[in-house]
Amino acid sequence: MGRLLDRINSPEDLRRLDIPGLAQVARELREFMIQNVSQTGGHLAPSLGAVELTLALHYVFDTPRDKIVWDVGHQAYAHKIITGRRDRFHTLRQYGGLSGFVKPEESEYDTFGVGHAGTAISAGLGMACARDHLREDYKVVVVVGDGALTCGLSFEGLNNAGALGKDLVVVLNDNEMSISRNVGALSHYLTDIITAPMYNRLKNDIWELTGKMSHLGRRVRSIVARIDQGLKSIIVPGLLFEKLGFRYIGPVDGHNLSRLIRVLTEVRKFKGPILVHVITKKGKGYKYAEEDAPRFHGLGPFDVETGRSKKQSLVPTYSELAGEVVVEIASRNPRVVGITAAMSLGTGLIQLAEAFPDRFYDVGIAEGHAVTFAAGLAIRGLRPIVAIYSTFLQRAYDMIVHDVALQKLPVVFAIDRAGVVGDDGPTHNGVFDLSYLRHIPNLVVMAPKDENELRDMFWTAVSYDKGPTAIRYPRGAAVGVPRKPSPEILPIGKAEILREGQNVAILAIGSTVYPALEAAERLETRGLNPMVVNARFVKPLDEELLRELAGHFSLLVTVEENALPGGFGSAVAEFLADNGYRDVRLLRLGVPDEFLEHGDRGLLLQLLGLDGQGIAAAIERELSFHEKGSRFDWRRLFGLGEREKAEQLPAHHGK
Ligand SMILES: Cc1ncc(C[n+]2csc(CCOP(=O)(O)OP(=O)(O)O)c2C)c(N)n1
């Protein structure tokens, strides 16, 4: 007999099964996910933990008419597989393949696009209100993890939902884990509920007993209901959700299919806001994922038998190096503290947590709070380093402006995963930070070209006391250059000339510096001799150097792993326009004004033309375009014997 899973092409097929049949599908789903994700990489542990919950939700609710709204969407692999995407599941996170998150363009079962945490309650409440406005009839079921519940946004949603009183089911998928162990008072509160089942058992027993007392039952039940409130406040610590206007149901074993189905069937009949507290185990059903849920939260391809990752780079990642230098600085400067918003592993700040546990703060998935918290630390004399991914720091824009920059507080922003992240796709690309930081007064914005400069920049940032600083660096392995023995404090706002040249100057920032050097070498073989500048700073710009370049070069080329609107190239364009350099041509290379699809980071950079070959080709195209337009003949300028006529280089900068 073949797999039962192969016959599940939509939730309709599930609804024909009995509980043993569903349990078999759950087993097959796990096996299928493990095999596939071992090839593609992905968010395995969250999805393994949500298998029974997913089956029960689609079994009980009438999807796609009823709307399941996933938070983050990284736990939804089972959802994808049973909603008609099984045959394409092997393309997960690959260019042109299935997204790693929930995405409405992919399926009618994907009700809301996600990737960032904490959005589901607000979005689900919006849907519930739209339903009522339009007099439609369906259920909205939000699935939110205990980690995502630490987001302020989740609480804003709960607060509003409780007051509006709409029909809304919030399923709290509580595995006591964020990526690492969940943190904060709320997680203690949830643990208390799980570990204090006495109240729930007591309540159920009384309820059943009074239900059996036919004639007196009703009156006794209403008295019990009143006592219940008092009892609860004694035995249940809090009553948080009920006080917020939700009916609280739980805790329910999230791996017990028949129990889940029974509870959800009841819940489906209820009106008003309901919170169902479901307890699951992250990584459920795969030994290695259960044992090491943080690593299996999201990982690259791995060996199923051993659980070991397949790709092991010899060059450390920027995140690991950042963690290393933060510890190095913290060991010399007792005022330095580190802050992460639930990403201690991803940002490398785990190293600080291990070396100086009392100088490390994991504030939960609360990026805005992390920044204002850092402002508070800084204003009272500490030197906080806030390590947050570029995409998640978008959440904290106002806090950077209002709480940090306006007050010139010396907070260091360590902006990880800046640029194209690749497999996680458009929700996770960090291509906007140069644009959303560059216009903030008092902020210094820099990007290192390699591991040595990363270290220099952290030291530079901590030594700078006039205001905040931001260092942005990409995902993945650093360049692999030999390490310098000691760091150097860089002059603020000074670029570095890496290669001298004539007529064309390439100004690159951060991760694009080495590709720019490669482009220059390629162009040399074509008879060109471009200058290459490592800009280092996007704010302040090296205006002195720009003036010289604008006076000597006919073509300036900027290269950045950031959106073109508002980025580094825009800064140079503004400088040229504002200073009357009307004759200097500027070619801006970067990420176009559109959301990028998911896929391998290297492939995407190549498609964007941000690798050495692409940069060289763009410069050649630009020059030949102008040649055809007969405004500029680079062959005449750079070609046979004419080179010596070209202008001399400006003086050295940066060092
Ligand atoms: C705003 C934001 N910050 C950080 C992240 C990174 N992130 C993805 S999942 C996750 C943990 C979520 O925990 P939980 O909601 O409990 O789901 P679980 O993975 O435990 O199933 C984090 C921190 C994110 N997606 N969005």
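Residues numbered from 1 in each chain as written. Predicted model: local features only at pLDDT ≥ 70, side-chain atom pairs only at ≥ 80, totals over all residues. Heavy atoms only, no water.

**Topic: the overall build of the chain**
Here's step 1: Tallying secondary structure elements over the chain gives 27 helices and 17 strands in all.
Here's step 2: Residues counted as buried form 58% of the 655 residues belonging to the chain.
Here's step 3: For the chain, the accessible surface area stands at approximately 27100 Å², while carbon and sulfur atoms represent 53% of it. (Helix = DSSP H or I, 4+ residues; strand = E, 2+ residues; numbered from the N terminus. Buried < 20%, exposed > 50% of the residue type's maximum accessible area, 1.4 Å probe, protein only. Areas by Shrake-Rupley, 256 points an atom, 1.4 Å probe, with all protein chains shown as cover.)

**Let's talk about the confidence of the model for the chain**
Here's step 1: Residues at a pLDDT of 70 or more form 89% of the chain, whose mean pLDDT is 91.
Here's step 2: With pLDDT under 50 throughout, residues 630-655 is counted as low confidence; its partners more than four residues away or in other chains account for 65 contacts. (pLDDT = per-residue confidence, 0-100. Contact = heavy atoms within 4.5 Å.)

**With respect to the packing of helix α4 (residues 51-60) against helix α5 (residues 77-85)**
Here's step 1: Interaxial distance between α4 and α5 falls to 8 Å at its minimum, and their mutual angle equals 45°. Of the possible angle classes, the one that applies to α4 and α5 is oblique. Handedness of the α4/α5 crossing: right-handed. Of the residues in α5, those touching α4 at Val51, Thr54, Leu55 and His58 are Ala78, His79, Ile82 and Thr83.
Here's step 2: Classifying every residue of the contact of α4 with α5 by side-chain character gives 4 nonpolar, 4 polar and no charged. (Axes fitted to C-alpha atoms, helices over the stretch in contact; angles between N-to-C directions. Parallel < 35°, antiparallel > 145°, perpendicular 65-115°, else oblique. Left-handed = near helix turned anticlockwise from the far one by under 90°. Nonpolar A, V, L, I, M, F, W, Y, C, P; charged D, E, K, R; others polar.)

**A few points about the pattern of salt bridges**
Here's step 1: Within the structure shown, the criterion is met by 40 salt bridges.
Here's step 2: Residues aspartate 132 and arginine 131 are paired through a salt bridge, measuring 2.9 Å at the closest nitrogen-oxygen approach.
Here's step 3: Accessibility expressed as a relative area gives 31% for aspartate 132, which makes it partly exposed.
Here's step 4: Note that glutamate 620 is salt-bridged to arginine 526, the shortest N-O span being 3.0 Å. With a gap of 94 residues between them, glutamate 620 in helix α26 (residues 612-628) and arginine 526 in the loop between α22 (513-524) and β14 (531-534) connect regions that are remote in the sequence.
Here's step 5: By relative accessible area, which is 18% here, glutamate 620 ends up buried.
Here's step 6: If you follow the salt bridges from partner to partner, you end up with Arg3, Asp6, Arg86 and Asp87 in one network. (Salt bridge = Lys/Arg side-chain N within 4 Å of Asp/Glu carboxyl O.)

**Structural notes on the site of the ligand**
Here's step 1: What surrounds the ligand is a group of 22 residues, the closest being His74, Ala117, Gly147, Lys282 and Glu367.
Here's step 2: A distance of 2.8 Å separates a nitrogen atom of the ligand from a polar backbone atom of alanine 117.
Here's step 3: One of the backbone N or O atoms of methionine 177 is found 2.9 Å from an oxygen atom in the ligand.
Here's step 4: Protein chains shield 98% of the accessible area of the ligand, which is 580 Å² for the free molecule.
Here's step 5: A class-by-class count of the residues in the shell around the ligand yields 10 nonpolar, 8 polar and 4 charged.
Here's step 6: Residue-level mapping places the shell around the ligand at the junction of two domains, with at least three residues from each of domain 1 (5-177 + 244-297) and domain 2 (318-472). (Near = heavy atom within 4 Å. Polar contact = N/O pair within 3.5 Å; in protein donor to acceptor, adjacent residues only side chain to side chain. Domains from an automatic or database assignment.)

**Overview of the packing of α4 against helix α12 (residues 257-269)**
Here's step 1: Their axes nearest at 9 Å, the elements α4 and α12 cross at an angle of 40°. It follows that α4 is oblique to α12 by the angle criterion. Read as a crossing pair, α4 and α12 show a hand that is right-handed. Residues Glu52, Leu53, Leu55, Ala56, Leu57, Tyr59 and Val60 of α4 pack against Leu257, Leu260, Ile261, Leu264, Thr265 and Arg268 of α12.
Here's step 2: Across the contact of α4 with α12, the residue classes break down as 10 nonpolar, 1 polar and 2 charged.

**Observations concerning the packing of aromatic side chains**
Here's step 1: Under the counting rule described, the total for this entry stands at 15 aromatic pairs.
Here's step 2: Taken together, a centroid distance of 5.7 Å and an interplanar angle of 80° make the contact between tyrosine 286 and phenylalanine 296 edge-to-face. Of this pair, tyrosine 286 sits in the loop between β5 (273-279) and α13 (287-291) while phenylalanine 296 is found in helix α14 (residues 293-297), placing the two residues 10 residues apart along the sequence. The exposure classification of tyrosine 286 matches that of phenylalanine 296, with both residues buried.
Here's step 3: A connected cluster of aromatic rings, assembled from ring pairs, spans Tyr286, Tyr288, Phe296 and Phe302.
Here's step 4: Here the basic side chain of lysine 67 rests over the ring of tyrosine 138, its NZ or CZ set 5.1 Å away from the ring centre.
Here's step 5: The residue whose ring lies beneath arginine 359 is phenylalanine 356, and the NZ or CZ to ring-centre distance is 4.5 Å. (Phe/Tyr/Trp six-rings, centres within 6.5 Å; stacked < 30°, edge-to-face > 60°. Lys NZ or Arg CZ within 6 Å of the ring centre and 35° of its normal.)

**Comments concerning the pairing of strand β4 (residues 247-253)**
Here's step 1: Strand direction decides the pairing type here: β4 and β5, joined by 5 bridges, are parallel. Bridge pairing links aspartate 253 to isoleucine 279 in β5.
Here's step 2: Read as a crossover between parallel neighbours, the route from β4 over α12 to β5 is right-handed. (Pairing = 2+ DSSP bridges. Right-handed = clockwise from strand over helix to strand, strands pointing away.)

**Some remarks on the sheet that holds strand β15 (residues 537-539)**
Here's step 1: Read from one edge of the open sheet, 7 strands run β7-β6-β8-β9-β11-β10-β15, paired in mixed fashion. Each edge of the sheet is formed by a strand with only one pairing partner; in this case those strands are β7 (360-362) and β15. Along the sheet, successive strands turn relative to each other by an average axial angle of 20°, direction set aside.
Here's step 2: As paired elements, strand β6 (residues 336-340) and strand β8 (residues 383-389) share 5 bridges and run parallel to each other. Looking at β8, one finds that threonine 340 is bridged to alanine 387.

**Structural notes on the side chain of glutamate 328**
Here's step 1: Position of glutamate 328 among the secondary structure elements: in helix α15 (residues 318-332).
Here's step 2: A distance of 2.8 Å separates a polar atom in the side chain of glutamate 328 from a polar atom in the side chain of arginine 455.
Here's step 3: Apart from residues no more than four positions distant in its own chain, glutamate 328 is found in contact with Arg455, Trp459 and Pro487.

**Remarks on unusual backbone geometry**
Working note: non-glycine residues mostly have negative phi, and peptide bonds are mostly trans.
Here's step 1: A cis geometry characterises the amide bond from threonine 63 onward to proline 64, with omega recorded as 5°.
Here's step 2: In this fold, proline 64 is placed in the loop between α4 and β1 (67-70).
Here's step 3: Residues glycine 250 and proline 251 are joined by a peptide bond in cis, for which omega reads -5°.
Here's step 4: With respect to the helices, strands and loops of the structure, proline 251 is situated in strand β4.
Here's step 5: Phi is positive for arginine 93, close to 65°, though the residue is something other than glycine.
Here's step 6: Along the polypeptide, arginine 93 turns up in the loop between α5 and α6 (120-133).
Here's step 7: Even without being a glycine, arginine 135 presents a positive backbone phi close to 50°.
Here's step 8: Take arginine 135: it is sitting in the loop between α6 and β2 (140-145).

**Description of the nonpolar core**
Here's step 1: In this structure, Leu44 and Leu57 are the most contacted members of the largest nonpolar core, which totals 57 residues.
Here's step 2: Considering every element that reaches this core, the biggest residue donor is helix α2 (residues 19-40), with 8 residues.
Here's step 3: If we skip the residues at most four places from it in the chain, leucine 57 touches Ile68, Trp70, Val141, Val143, Val171 and Leu264. (Core = buried A, V, L, I, M, F, W, Y, C linked by side-chain atoms within 4.5 Å.)

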